[in-house]
Amino acid sequence: SSLTGSIQAIDWTVIFTLYFIVAILTTVGMTFVQNFHDATNSSVMVMEEHQSTWWYKSTATVQLLYQDKKMKYMIGLNAISGFATAFLNSYVNGQVVPVVFEGTSMIGVLTAWLAIVAATFSVVFSSVAERYSKGAVLVWGSICFVCATLPFVVYPTIRHWSRLLLVLVYTLLGM
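This one's a predicted model, so the numbers in the text were calculated from it and none came from an experiment. (Residues numbered from 1 in each chain as written. Predicted model: local features only at pLDDT ≥ 70, side-chain atom pairs only at ≥ 80, totals over all residues. Heavy atoms only, no water.)

1. Structural notes on the nonpolar core
With 31 residues, the main nonpolar core has V92, V96, F152, W161, L166 and L173 as its most contacted residues. Taken together, the elements giving at least two residues each to this core come down to α2 (12-30), α6 (71-100), α7 (107-131), α8 (134-154) and α9 (163-174). The biggest single contributor to this core is α6, with eleven residues. When near neighbours in sequence (up to four residues on either side) are disregarded, W161 contacts V96, V100, P151, F152, Y155, L166 and V169. (Core = buried A, V, L, I, M, F, W, Y, C linked by side-chain atoms within 4.5 Å. Buried < 20%, exposed > 50% of the residue type's maximum accessible area, 1.4 Å probe, protein only. Helix = DSSP H or I, 4+ residues; strand = E, 2+ residues; numbered from the N terminus. Contact = heavy atoms within 4.5 Å.)

2. Here we look at the side chain of N93
Positionally, N93 belongs in helix α6. Classification of N93 as buried rests on a relative accessible area of 10%. One polar contact links N93 to N89, side chain to side chain, over a distance of 3.4 Å. Residue contacts for N93: discarding those within four places in its chain leaves L88, P98, I107 and Y170. (Polar contact = N/O pair within 3.5 Å; in protein donor to acceptor, adjacent residues only side chain to side chain.)

3. A short note on the packing of α6 against α9
As a packed pair, α6 and α9 sit with axes 12 Å apart at the nearest point and diverge in direction by 165°. One element, α6, and the other, α9, form an angle in the roughly antiparallel class. The handedness of the crossing between α6 and α9 comes out as left-handed. Residues A84, L88, V92, N93, V96, V97 and V100 of α6 form the contact with α9, whose participating residues are R163, L166, Y170 and L173. (Axes fitted to C-alpha atoms, helices over the stretch in contact; angles between N-to-C directions. Parallel < 35°, antiparallel > 145°, perpendicular 65-115°, else oblique. Left-handed = near helix turned anticlockwise from the far one by under 90°.)

4. Let's talk about a nonpolar patch on the surface
Residues V14, L18, I21 and L25 make up a contiguous nonpolar surface patch of about 370 Å² in total accessible area. Examined against the element boundaries, L18 turns out to sit in helix α2. (Patch = residues over 30% accessible without salt bridge, like charges linked within 9 Å, V, L, I, M, F, W, Y side chains within 5 Å. Areas by Shrake-Rupley, 256 points an atom, 1.4 Å probe, with all protein chains shown as cover. Salt bridge = Lys/Arg side-chain N within 4 Å of Asp/Glu carboxyl O.)

5. Some remarks on the packing of aromatic side chains
Using the criterion set out here, one finds five aromatic pairs in the structure. Consider the rings of F87 and Y91, whose centres lie 5.6 Å apart with planes at 25°: the pair is stacked. Pair noted here: F87 and Y91 are both in helix α6, with a separation of four residues, about one helical turn. You can call F87 buried: its relative accessible area is 6%. Relative accessible area serves as the criterion here: at 4%, Y91 is assigned to the buried category. Between Y91 and F152, the aromatic rings sit 6.1 Å apart at their centres with planes inclined by 70°, giving edge-to-face as the arrangement. (Phe/Tyr/Trp six-rings, centres within 6.5 Å; stacked < 30°, edge-to-face > 60°.)

6. A few points about α8
The end-to-end C-alpha distance of α8, which contains 21 residues, comes to 31 Å, matching closely the 30 Å that a straight helix rising 1.5 Å per residue would cover. Turning to α8, its buried residues number three or more, namely G135, V137, V139, G141, S142, C144, F145, V146, A148, T149, P151 and F152. Its side-chain oxygen at 3.4 Å from the backbone nitrogen of G135, S133 defines the N-terminal cap of α8. (Expected span 1.5 Å × (residues − 1).)

Dropping the structure here:
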């Protein structure tokens, strides 16, 4: 009961700021992702033998974290993606959309827009990843997460929000 009251007492600005900080840290972490050399053929064969055991399957995520040098930098991106989804579904759809659009009827349209942006940019970003690097795409995605949180930190009072700003947030989260 007291925990619920404490959680409900947290101001949305604190949540926006924490989300913004995590997004910035993720962006900084993505700049450290490099192309590390793959394992040798003999170590790949040994790994394939162990992949069929129940122990390997139950601890594969942890093992990948220790074996692949890039994985520690991916934690922030996975975390911020989860935060963004929860933030969008809880706060933006529940609090912001009803105020900006004077009701909840546009939530489906905005969610569809996000999916269209994501599908379109997945094609664009696959070309960018082939031409430049996957790291460039990951950094851009992290920057989009930062930019999507920035309006909530700068303009925490949603009464002053425009429809265009809200569509921009959905667009950035789709990228």
